[in-house]
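Breakdown of the fold
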Amino acid sequence: MARRYLFTSESVTEGHPDKICDQISDTILDALLAADPASRVAAEVVVNTGLVLITGEISSQTQLNFVELARRKIAEIGYTDADNGFSANSCAVMVALDEQSPDIAQGVNVAHESREGSSEEQLDAIGAGDQGLMFGFACDETPELMPLAASLAHRLARRLAAVRKTGELAYLRPDGKTQVTAIYEDGQPVGIDTILISTQHDPAIADLTEDAAIQAKIREDLWAHVVTPVFADCAVKPDDHTRFLVNPTGKFVVGGPQGDSGLTGRKIIVDTYGGYARHGGGAFSGKDPTKVDRSAAYACRHVAKNIVAAGLAKKCEIQVSYAIGVARPTSITVETFGTGTLDEALLLKLVEANFELRPAGIIEAYDLRHLPGQRGGRFYQDVAAYGHFGRTDLDLPWERLDRVEALKSGAEALLAGVA
């Protein structure tokens, strides 16, 4: 008998309080790296009703107007009306920043490499910015090799923001959340059990003022303008048995920072794989690429995605770990959940032969310091909402399938050697 179960993932729109913080943090990072690629950045943001607090540690040769950067990003997200409880022009912006600790800096600047016989001094010149463990994941459930529920939740959230910004559903406000529950049989998605959308909206819509009538209108519009377009090209679709829940409390007028405080790094599961894969616990936004919480998680996704695309596994999870100030990972682990065509020990050999996992090597391979300068002063802020992985709307270096052929040929050589 086929094993049947449900799995759920969520996403949030760019107007969610936590995502406002992530985007401001990464806007600051973009601006600093565009002006000074050697900047060391750990920018944290807090928002509440009428308030933005920018804090953390920054060491850079450039001086920026952080207040203006925050206001511009808030306006871009859509908070321009003071009646909404939070507005780009009227909120207070406080700045409380320090420089990076010199104790951390010395470990990052010069790696204390203990392994003998290394001649790659440049790649060993940057140690990890902290200890920790990071994961990367890929699976064959979607064309972008992401878990289905997470992929759909992000697509719904992006579409929700799009119809607001284009005026297609002009009564929507910036804050929103989506959630998708997929039905699985024997490890493969076969249906959609539940779609949930909670979206902030105006108190009245056209001539409708009764809550029940407003919610009925929102439900009808979201199905037509958000859900239907998102599922148009999906192999797994909702059916007559799919539950569609919209604003389950009855209305959602008070939202954004007025409804809930926000904090950088509080949506790490939304940022990654929707809970489908493990997470090392480190957030991404506001951190320059010497912070392996961010850069190594990107590298691990690149590894896992290329392994799955090469047909070496249907699911692949990569874990790496680091010690502060040490360039080489303290461990690398490959897990294929029984779906691999190679023994995992052999896959590990392929990973070590084809991917650079030292911080300096990761930064160089993806050009992580210079991307904002190359792309008009923005790069990291664009991945700060709707997920850092599986993005079909952005050209992200860790999403490229540029090692597939090398992995295939390497696997053939390993198998020939084993035989």
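Residues numbered from 1 in each chain as written. Predicted model: local features only at pLDDT ≥ 70, side-chain atom pairs only at ≥ 80, totals over all residues. Heavy atoms only, no water.

**A short note on the overall build of the protein chain**
Within the protein chain one finds 13 helices and 11 strands. Over its C-alpha atoms the protein chain spans a radius of gyration of 22 Å, differing by no more than 12% from the 22 Å that the globule rule assigns to 419 residues. For the C-alpha atoms alone, the extent of the protein chain along its principal axes is close to 75 × 60 × 30 Å. Within the protein chain, buried positions represent 53% of all 419 residues. Sequence separation of 24 or more characterises 74% of the internal contacts of the protein chain that already satisfy a separation of 6 or more. For the protein chain, the accessible area works out to roughly 17500 Å², and carbon and sulfur atoms hold 49% of it. Computing the positive centroid from 40 side-chain charges and the negative centroid from 58, the protein chain places the two 2 Å apart. (Helix = DSSP H or I, 4+ residues; strand = E, 2+ residues; numbered from the N terminus. Rg over C-alpha atoms; globule rule 2.2 N^0.38 Å. Buried < 20%, exposed > 50% of the residue type's maximum accessible area, 1.4 Å probe, protein only. Contact = heavy atoms within 4.5 Å. Areas by Shrake-Rupley, 256 points an atom, 1.4 Å probe, with all protein chains shown as cover. Lys, Arg positive; Asp, Glu negative; His and termini not counted. Charge placed at Lys NZ, Arg CZ, Asp CG, Glu CD.)

**Examining unusual backbone geometry**
The residue Leu145 is not glycine, and still its phi comes out positive at about 60°. Structurally, Leu145 is set in the loop between strand E5 (132-139) and helix H4 (148-165). For Leu145, a relative accessible area of 11% puts it in the buried group. Phi is positive for Tyr386, which is not a glycine, with a value near 75°. For Tyr386, the position within the fold is in the loop between helix H12 (380-383) and helix H13 (404-418).

**What to know about H4**
In this model, H4 (18 residues) spans 26 Å end to end at C-alpha, consistent with the 26 Å of a helix rising 1.5 Å per residue. For H4, the tally of buried residues reaches 13 of 18 residues, placing the bulk of the element in the interior. (Expected span 1.5 Å × (residues − 1).)

**Considering the sheet that holds E5**
Across the sheet, 3 strands lie side by side as E5-E10-E11; this open sheet has antiparallel pairing. The sheet is open, and its two borders are formed by E5 and strand E11 (331-335), each paired with just one other strand. Adjacent strand axes in the sheet meet at a mean angle of 15°, parallel and antiparallel pairs treated alike. For E5 and strand E10 (residues 315-322), the ladder comprises 8 bridges, and the chain directions are antiparallel. Pairing of Phe137 across the sheet is with Glu317, part of E10. With respect to the sheet, helix H8 (residues 292-309) is in contact with E5 and E10, its orientation differing from that of E5 by roughly 30°. (Pairing = 2+ DSSP bridges. Axes fitted to C-alpha atoms, helices over the stretch in contact; angles between N-to-C directions.)

**What to know about the confidence of the model for the protein chain**
Scored by pLDDT, the protein chain has a mean of 93; 94% of the residues are at 70 or more. For residues 111-119, every residue scores under 50 in pLDDT, and the model assigns this stretch 15 contacts once sequence neighbours within four places are set aside. (pLDDT = per-residue confidence, 0-100.)

**Focus: the pattern of salt bridges**
This structure, assessed with the given rule, holds 30 salt bridges. Across the pair Lys267 and Asp18 runs a salt bridge whose closest N-O atoms are separated by 2.6 Å. Of this pair, Lys267 sits in the loop between strand E9 (262-263) and helix H7 (268-271) while Asp18 sits in helix H1 (residues 17-35), placing them 249 residues apart in sequence. There is no split in this pair, since Lys267 and Asp18 are both buried. Measuring nitrogen to oxygen at the nearest pair gives 2.5 Å for the salt bridge that ties Glu317 to Arg278. With Glu317 in strand E10 and Arg278 in the loop between H7 and H8, this pair connects stretches of sequence that are 39 residues apart. Judged by relative accessible area, which is 2%, Glu317 ranks as buried. On the basis of relative accessible area, Arg278 is assigned to the partly exposed category, the value being 47%. It is possible to trace a salt-bridge network through shared partners that takes in Lys73, Glu76, Arg378 and Asp382. (Salt bridge = Lys/Arg side-chain N within 4 Å of Asp/Glu carboxyl O.)

**Comments concerning helix H10 (residues 359-366)**
Extensive coverage of H10 is indicated by the burial of 6 of its 8 residues. Here H10 has its buried residues at Pro359, Ala360, Gly361, Ile362, Ile363 and Tyr366. Looking at the buried positions of H10, the neighbouring elements they touch are H8, E10 and helix H11 (371-374).

**Let's talk about the packing of H1 against helix H2 (residues 66-77)**
Where H1 meets H2, the axes come as close as 9 Å, and the angle between the chain directions of the two elements is 130°. Classed by the angle they form, the pair H1 and H2 counts as oblique. Between H1 and H2 lies a crossing of right-handed hand. Seen from H1, the contacting residues are Ile20, Gln23, Ile24, Thr27, Ile28, Ala31 and Leu32; seen from H2, they are Phe66, Leu69, Ala70, Lys73, Ile74 and Ile77. Classifying every residue of the contact of H1 with H2 gives 10 nonpolar, 2 polar and 1 charged. (Parallel < 35°, antiparallel > 145°, perpendicular 65-115°, else oblique. Left-handed = near helix turned anticlockwise from the far one by under 90°. Nonpolar A, V, L, I, M, F, W, Y, C, P; charged D, E, K, R; others polar.)

**A closer look at the environment of Val93**
Relative to the helices and strands, Val93 is located in strand E4 (residues 92-98). Val93 has contacts with Val52, Ile54, Val67, Ala70 and Arg71, leaving out every residue within four places of it along the chain.

**Thoughts on the sheet that holds E9**
Read across the sheet, 4 strands follow the order E4-E3-E2-E9 without closing on themselves; strand pairing throughout is mixed. Because the sheet does not close on itself, it has two edges, and the strands there are E4 and E9. One ladder, built from 2 bridges, connects strand E2 (residues 40-48) with E9; its direction is antiparallel. Directly across from Val46, in E9, lies its bridge partner Leu263. Each of E2, strand E3 (51-59) and E9 is contacted by H1, which is oriented at about 150° to E2, the strand it contacts most. The sheet contacts of H2 involve E3 and E4, and relative to E4 the element is tilted by about 130°.

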